[in-house]
Amino acid sequence: LHSHLVPGVDDGARTLEEALEAVEAMRRAGVRRIITTPHLDASLLADEDRAESRIRKVQAAFRELAVAARERFPDLVVWRGFEVRLDVPDPDLSDPRVRMAGTRFVLVEWPAFQIPPGTEAVLTRIRRAGWIPVLAHPERYHGLDDDLSIPRRWKAAGALLQVNHGSLLGRYGSAPRSRALRLLQAGVADYL
């Protein structure tokens, strides 16, 4: 649901072989369906030429990954979306290539691991536009409150919350790990 497997397009897999090694590890863990989500700044979507260039670059690298993954793992299904960094308050998410596997779901994140003002309004506008925001790694944002009132308000605004596996393993430190556990224990997280 949230991975950076498209080779050479962001801070995820650098090469096709590295991406396939990650896919193989997922297969060993029982994963049969993957939506990989390279980074995309929402502000880029306002510039049609730059957005198209970025999407085409990612799509070409994704096709290479999808073909190689199908050859190596015939029962695996790999789709693509983006992890859209909400660096503008009113992103245009109408292009189905931006959303997860072309569905109404769109993986979003706040910039710089900070919670900007007005997050609930941004999520509400996304919902009203017809899209379902899946907020990536809420446990990693600085300023997340201990009583989880902020993530509860995000959910009330129509967002689903996705906790990173790496957070639970302590990969991002003890504070994100603790917050991830609280989100799961409180039943606030929708996806892991």
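Use the structure listed above.
Residues numbered from 1 in each chain as written. Predicted model: local features only at pLDDT ≥ 70, side-chain atom pairs only at ≥ 80, totals over all residues. Heavy atoms only, no water.

**Considerations on the pattern of salt bridges**
Filter applied, for reference: Salt bridge, as applied in this entry: a Lys or Arg side-chain nitrogen positioned within 4 Å of an Asp or Glu carboxyl oxygen. The helix count covers DSSP runs of H or I at least four residues long, the strand count covers runs of E at least two residues long, and both are numbered beginning at the N terminus. Summary of the burial criterion: residues with accessible area below 20% of their type's maximum are buried, those above 50% are exposed, and those between are partly exposed, where the area comes from a 1.4 Å probe applied to protein chains only.
The full count for this structure, using the stated rule, is 14 salt bridges. In this structure, arginine 32 and aspartate 75 form a salt bridge, with 3.5 Å as the shortest nitrogen-oxygen distance. Residue arginine 32 is found in the loop between α1 (16–28) and β1 (33–36), and its partner aspartate 75 is found in the loop between α2 (48–72) and β3 (77–80); the two are separated by 43 residues along the sequence. On the accessibility criterion, arginine 32 (33% relative accessible area) is partly exposed. Residue classification places aspartate 75 among the partly exposed positions, given a relative accessible area of 41%. Two residues, aspartate 190 and lysine 155, come together in a salt bridge whose shortest N-O distance is 2.7 Å. Here aspartate 190 is found in the segment after α6 (174–185), whereas its partner lysine 155 is found in helix α4 (residues 149–156), with 35 residues between them in sequence. With a relative accessible area of 34%, aspartate 190 lands in the partly exposed category. Salt bridges linked by common partners bring Glu52, Arg56, Asp95 and Arg97 together as one network.

**Section: the pairing of strand β6 (residues 132–136)**
What counts is decided by this rule: A crossover counts as right-handed when, viewed with the strands pointing away from the observer, the path leading from the first strand over the helix to the second turns clockwise. Two strands make a pair as long as DSSP finds a minimum of two bridges between them.
The element β6 is extensively covered by neighbouring structure, given that five of its five residues are classed as buried. Crossover connection from strand β5 (residues 105–109) via helix α3 (residues 119–128) to parallel β6: handedness right-handed. Across three bridges, β6 lies against strand β7 (residues 160–162) in parallel orientation. Counted as the bridge partner of valine 134 is leucine 160 from β7. Tracing the backbone out of β6, into α4 and back to the parallel element β7 gives a crossover that is right-handed.

**Side note on α6**
Using the following cut-off: For a helix, the expected span equals 1.5 Å multiplied by the residue count minus one. Regarding the arc, it is the one traced by the directions from the helix axis to the C-beta atoms.
Between its terminal C-alpha atoms α6 stretches 16 Å, which fits the 16 Å expected from twelve residues at 1.5 Å a residue. All buried positions along α6 are accounted for by Pro176, Arg179, Ala180 and Leu183. Buried residues of α6 fall within an arc of 105° about the axis and therefore sit on the same side. Structural note: α6 exposes Ser174 and Gln185 on the side pointing more than 90 degrees away from its buried face.

**A closer look at the packing of α1 against α2**
Helices that pack against each other are described as a pair by the angle of their axes relative to one another and the distance between those axes. For clarity, the cut-off: All axes are obtained by fitting lines to C-alpha atoms, using only the stretch in contact for helices, and the reported angles, taken between N-to-C directions, cover 0 to 180 degrees. Should an angle fall under 35 degrees it is called roughly parallel, over 145 degrees roughly antiparallel, and 65 to 115 degrees roughly perpendicular, with every other angle called oblique. Handedness of a helix crossing follows the sense of rotation of the near helix relative to the far helix, less than a right angle counterclockwise being left-handed and clockwise being right-handed. Contacts were defined at the residue level, with two residues in contact if any of their heavy atoms lie within 4.5 Å. Only Asp, Glu, Lys and Arg are considered charged in this grouping, and only Ala, Val, Leu, Ile, Met, Phe, Trp, Tyr, Cys and Pro are considered nonpolar; every other residue, Gly among them, is considered polar.
As a packed pair, α1 and α2 sit with axes 10 Å apart at the nearest point and diverge in direction by 50°. Accordingly, the angle class assigned to the pair α1 and α2 is oblique. Between α1 and α2 the crossing geometry is right-handed. Here α1 contributes Leu16, Glu17, Ala19, Leu20 and Glu24 to the contact with α2, which in turn contributes Glu64, Leu65, Ala68, Ala69 and Arg72. Residue composition of the contact of α1 with α2, by class: six nonpolar, no polar and four charged.

**So, the packing of aromatic side chains**
For clarity, the cut-off: Think of it this way: a Phe, Tyr or Trp ring, Trp meaning its six-membered ring, pairs with another when their centres are within 6.5 Å, and the plane angle makes it stacked under 30 degrees, edge-to-face over 60, tilted otherwise.
If you walk through the whole model with that rule in mind, you get three aromatic pairs. Between the aromatic rings of tryptophan 110 and tryptophan 154, the centroid separation amounts to 6.0 Å while the plane-to-plane angle is 50°, which identifies the pairing as tilted. In this pair, tryptophan 110 is assigned in the loop between β5 and α3 and tryptophan 154 in helix α4, connecting sequence segments 44 residues apart. By relative accessible area, which is 2% here, tryptophan 110 ends up buried.

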